[in-house]
Amino acid sequence: MRWSPTRPLGTATGAGERLAIAIAVGAMGTLGFAITSPILPDLATELGVSRSAIGLVQAAVSLPGILFSAAIGYLADRVGRRRVVLVALLLFTLCGMAGFVARSYWALVAVRFCQGIGTSGILGVGIVLIGDSFTGAARTRAMGINVTGLTVVAMAGPIAAGQLAGGGTFRPFLMFAVGVPLAAWASRMPPDPPSRPVAAPLRHLAAAVLAMREARALRDYLGLLVATLGSVFVLHGLGFTVTPLYADEVFGTPVETRGLVVAAFQAGTVAAALGVGRLLGRFGTARMLSGVFWLMALGAAIAGLAPTIWLVAAGLALAGAGFGLFTPQAQSYAAEVGGVHHRGLTVLLWVTVVRLAQFAGPPIGSVMSEWTGPRSVFLAASAGMGVIAATWRPLRRALVVRAGRHAVGQRPQTVHDI
């Protein structure tokens, strides 16, 4: 371990430790959503607001990602990944713990909003770090390991929060204190290189778009953003927000069990993400993508029609498996399509879409749940994912024909001919 007065904990020199740091930092970011999920009905009671309004507490973490993710990606390209991660981690931790003392509705929404700025940095730049350290198939496998690590923490978070909430609704916010030792470990990330000459933000964006267009990758990247919007909506609108409301309203499930049901989605994600590299090599990109969308559609339908809470959990697990197969591929492509010079921007633009889905999903899900019943929300999501599954390949073929099939070979290696 190399030591210096300015880096007392030394520097992580191995790719394995760098991957572990990226996963740990990103996993911390998932707690921003996972910890609050099982306590949403109880927070509504404690804060004296309706259940349709409590979705904003969950969504407030995502709004800054819509507003600031692209800017954070630009800074990661310009000033370096390590600086951005450490500042974002500090902001996330302090504002997350502030939720313990925010005992009014708008105060809690405000500190969650501030926490969301940090969330964008630690989740997005963590993916960039993996993109910097791995290439090709190794990158996709690393992304699968990353999704697995993040999902294990996201799965454990609701369970731990549900248990802690038994002694007080606001106690789960104290779990964010783990960010303090994590920041010390993250300080071991390799030092950032000297600031690169990066154009002004809009010119940097224009250069990234031009590079993707010249590589015939822009349509695939935009399609990836649309698919991400739908799949993350299923996770955060249904899995994290509607499920606890559904479990409480329809099945009378106690808070401790609600955490277990929410965690079923993450269990499916972990099981699938661990095998994404092997399955991708066997089935190829096209069949894999069609399969993951059908899995999410079927899982949402099962959950919406379930006669028992445990069948709801089974449907969520199936939808989670689809999500676990999709996300590593999406992250890997977003990291590759921008190249080293625009990677921060293309990954964080992808994160912007993730945040948009995370922001829109909870309030839309909670309002629909109150107006039409929670079952209808699951069935509507199933129909939406089914439309994506049935139409994405014909639509993409039409776009490729329109652009000229002679350009297909110029796309990045992670996009296969369909």
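Higher on the page you've got the structure.
The shown structure was predicted, so the numbers you read here are calculated from the model rather than taken from an experiment.

(A) Seen up close, the overall build of the chain. A tally of regular secondary structure across the chain gives 15 helices and zero strands. Counting across all 418 residues of the chain, residues that qualify as buried make up 57%. Excluding contacts between residues fewer than 6 apart, the proportion of contacts in the chain whose partners are at least 24 apart in sequence is 84%. For the chain, the computed accessible surface area is about 16,200 Å², with 69% contributed by carbon and sulfur atoms.

(B) Geometry of the nonpolar core. Ranked by internal contacts, the top residues of the largest apolar core, which has 110 residues, are Phe 293 and Trp 350. Among the elements that take part in this core, helix H13 (residues 309-337) stands out by supplying 14 residues, more than any other. The contact partners of Phe 293, leaving out residues within four places of it in the chain, are Ala 227, Phe 326, Met 385, Ile 388, Ala 389 and Trp 392.

(C) The arrangement of the packing of helix H4 (residues 63-78) against helix H6 (residues 105-133) in detail. Between H4 and H6, the shortest axis-to-axis distance is 9 Å and the interhelical angle comes to 45°. It follows from the interaxial angle that H4 and H6 lie oblique. Viewed along their axes, H4 and H6 form a crossing whose handedness is right-handed. Residues Leu 63, Pro 64, Gly 65, Leu 67, Phe 68, Ser 69, Ile 72 and Ala 76 of H4 form the contact with H6, whose own contacting residues are Phe 113, Gly 116, Ile 117, Ser 120, Gly 121 and Val 125.

(D) Structural detail: helix H2 (residues 40-47). When H2 is considered as a whole, its buried residues turn out to be Leu 40, Pro 41, Leu 43, Ala 44 and Leu 47. Looking straight down H2, one finds that the buried residues subtend no more than 160° of arc, so they occupy a single side. Just downstream of H2 lies Gly 48, where phi reads positive at about 70°.

(E) Geometry of the packing of aromatic side chains. This structure, assessed with the given rule, holds eight aromatic pairs. Pairing Tyr 246 with Phe 251 gives two aromatic rings, centres 5.4 Å apart and planes at 55°, and the pair type is tilted. Residue classification places Tyr 246 among the buried positions, given a relative accessible area of 0%. The partly exposed category is assigned to Phe 251, whose relative accessible area is 24%. Taken together, the ring pairs connect Tyr 246, Phe 251 and Phe 378 into an aromatic cluster. Taking NZ or CZ as reference, Arg 103 lies 5.1 Å from the ring centre of Phe 100, over its face. The ring of Phe 170 carries Arg 103 above its face, with NZ or CZ at 4.1 Å from the centroid.

(F) Summary view of the environment of Met 189. On the secondary structure map, Met 189 appears in the loop between helix H8 (179-186) and helix H9 (201-214). Here Met 189 falls in the buried class, since its relative accessible area comes to 4%. Put simply, Met 189 and Arg 83 are 106 residues apart on the chain and 9.7 Å apart in space, counted from C-alpha to C-alpha.

(G) Examining the pattern of salt bridges more closely. Applying the stated criterion across every chain yields a total of four salt bridges. For the salt bridge of Glu 17 with Arg 188, the shortest nitrogen-to-oxygen distance reads 2.8 Å. Note that Glu 17 is positioned in helix H1 (residues 15-34) and Arg 188 in the loop between H8 and H9, a separation of 171 residues in sequence. Accessibility expressed as a relative area gives 25% for Glu 17, which makes it partly exposed.

(H) Fine view of empty space enclosed by the protein. What the rule picks out here adds up to two cavities of 30 Å³ or more. Size it by volume and the largest cavity reaches roughly 380 Å³. In terms of lining, the largest cavity is formed by 26 residues, of which the most central are Thr 30, Leu 150, Leu 235, Phe 323 and Gln 358. Of all the elements in the fold, those that place two or more residues in the lining of the largest cavity are H1, H6, helix H7 (136-165), helix H10 (218-251), helix H11 (255-273), H13 and helix H14 (339-372). Residue classes in the lining of the largest cavity are distributed as 15 nonpolar, ten polar and one charged.

(I) Expanded view of the packing of H1 against H7. Orientation of H1 relative to H7, taken along the N-to-C sense of each, is 35°, at an axis distance of 8 Å. The chirality of how H1 crosses H7 is right-handed. The segment H1 lies against H7, with Leu 19, Ala 22, Ile 23, Gly 26, Ala 27, Thr 30, Leu 31 and Ala 34 engaging Ala 142, Ile 145, Asn 146, Gly 149, Leu 150, Val 153, Ala 154, Gly 157 and Pro 158.

(J) Quick peek at unusual backbone geometry. The phi torsion at Arg 216 lies on the positive side, around 55°, for a residue other than glycine. Within the fold, Arg 216 resides in the loop between H9 and H10. Taking relative accessible area as the criterion, Arg 216 reaches 37% and is therefore assigned partly exposed.

Rules used in this analysis
- Residues numbered from 1 in each chain as written.
- Predicted model: local features only at pLDDT ≥ 70, side-chain atom pairs only at ≥ 80, totals over all residues.
- Heavy atoms only, no water.
- Helix = DSSP H or I, 4+ residues; strand = E, 2+ residues; numbered from the N terminus.
- Buried < 20%, exposed > 50% of the residue type's maximum accessible area, 1.4 Å probe, protein only.
- Contact = heavy atoms within 4.5 Å.
- Areas by Shrake-Rupley, 256 points an atom, 1.4 Å probe, with all protein chains shown as cover.
- Core = buried A, V, L, I, M, F, W, Y, C linked by side-chain atoms within 4.5 Å.
- Axes fitted to C-alpha atoms, helices over the stretch in contact; angles between N-to-C directions.
- Parallel < 35°, antiparallel > 145°, perpendicular 65-115°, else oblique.
- Left-handed = near helix turned anticlockwise from the far one by under 90°.
- Arc of directions from axis to C-beta.
- Phe/Tyr/Trp six-rings, centres within 6.5 Å; stacked < 30°, edge-to-face > 60°.
- Lys NZ or Arg CZ within 6 Å of the ring centre and 35° of its normal.
- Salt bridge = Lys/Arg side-chain N within 4 Å of Asp/Glu carboxyl O.
- 1 Å grid on protein atoms, 1.4 Å probe; cavity = no way out; pocket = protein on both sides within 12 Å on 5 of 7 lines; lining within 4 Å.
- Points joined across faces, edges and corners; volume = space filled by probe spheres on them.
- Nonpolar A, V, L, I, M, F, W, Y, C, P; charged D, E, K, R; others polar.

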